[in-house]
Amino acid sequence: MPTPAVEQTVQARLVLSTRRSALLRVTLRYRADDPLAVRMLFPAEYSLDAGPDEGPAGAEVTWVFARQLLAAGLDRPAGTGDVHVRPGPGPQTTVELRAAEGVAVLRFDTPGLRQFLRLSFRAVPEGEEHHHLDADRALAELLG
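Residues numbered from 1 in each chain as written. Predicted model: local features only at pLDDT ≥ 70, side-chain atom pairs only at ≥ 80, totals over all residues. Heavy atoms only, no water.

**Looking at the overall build of the protein chain**
Along the protein chain, the regular secondary structure elements total 3 helices and 7 strands. Reading the protein chain from its N end, one meets helices and strands in the order β-β-β-β-α-β-β-β-α-α. A total of 144 residues make up the protein chain; the buried ones form 38% of that total. Considering only contacts within the protein chain whose residues lie at least 6 apart along the sequence, 40% involve residues at least 24 apart. In the structure as shown, the protein chain presents an accessible area of about 8,400 Å², 53% of it carried by carbon and sulfur atoms. (Helix = DSSP H or I, 4+ residues; strand = E, 2+ residues; numbered from the N terminus. Buried < 20%, exposed > 50% of the residue type's maximum accessible area, 1.4 Å probe, protein only. Contact = heavy atoms within 4.5 Å. Areas by Shrake-Rupley, 256 points an atom, 1.4 Å probe, with all protein chains shown as cover.)

**Focus on the side chain of Thr-27**
In this fold, Thr-27 is placed in strand β2 (residues 21-31). Judged by its relative accessible area of 16%, Thr-27 falls in the buried class. Beyond its immediate sequence surroundings of up to four residues, Thr-27 is in contact with Glu-7, Gln-8, Thr-9, Arg-39, Met-40 and Leu-41.

**A closer look at the pattern of salt bridges**
Enumeration according to the criterion identifies 6 salt bridges in this entry. Where Asp-34 meets Arg-39, a salt bridge forms, and the shortest distance between an N and an O atom there is 2.9 Å. With a relative accessible area of 16%, Arg-39 lands in the buried category. A salt bridge links Glu-96 to Arg-86, with the nearest nitrogen and oxygen atoms 2.7 Å apart. (Salt bridge = Lys/Arg side-chain N within 4 Å of Asp/Glu carboxyl O.)

**A look at the sheet that holds β2**
Read across the sheet, 7 strands follow the order β4-β3-β2-β1-β7-β6-β5 without closing on themselves; strand pairing throughout is antiparallel. In this open sheet, the two strands that pair with only one neighbour each are β4 (61-66) and β5 (83-87). The sheet shows a mean angle of 30° between the axes of neighbouring strands, direction not considered. Pairing between strand β3 (residues 37-42) and β4: 6 bridges, direction antiparallel. Paired with Met-40 across the two strands is Trp-63, which belongs to β4. (Pairing = 2+ DSSP bridges. Axes fitted to C-alpha atoms, helices over the stretch in contact; angles between N-to-C directions.)

**Some thoughts on the pairing of strand β1 (residues 5-15)**
Taking every second residue as pointing to the same face, the buried face of β1 carries Val-6, Gln-8, Val-10, Ala-12 and Leu-14, while none of Ala-5, Glu-7, Thr-9, Gln-11, Arg-13 and Val-15 on the other face is buried. Here 11 bridges tie β1 to β2, and the two strands are oriented antiparallel to one another. Paired with Val-15 across the bridge in β2 is Ser-21. Here β1 folds back onto β2, and the loop between the two strands holds 5 residues. In terms of strand pairing, β1 meets strand β7 (residues 102-109) through 4 bridges, oriented antiparallel. Considered in β7, the bridge of Val-15 is made with Val-105.

Printed below as a string of structure tokens:
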């Protein structure tokens, strides 16, 4: 049986300064075989250097973080590490991605993020993630 997956492309604004931003398309992915995580994929043209989960410079950039962090950040500030999510301004959600090279601030329309999360929770309901975890595979990936 195929692994349930959710993929949705949304628009985001990359905040460049107080007066400038760039519109970009971000792909959100969720896989039932990695039930605790979501992935944000950014186009290669926004890649200057390799970061936490990316390949070489000029490659598509992927950030992986907890699905629950994204869900929590829609309603209140969330995150203590490299990824911070908070509501606002207005009907938007702000996502900060922190790396050694600097901080990227992105603004997403909240309804698009809510729709993605709704579909991910339909694929694997909240609290049922443990039924989809493969501890042996996860350990093998960690150990290379």
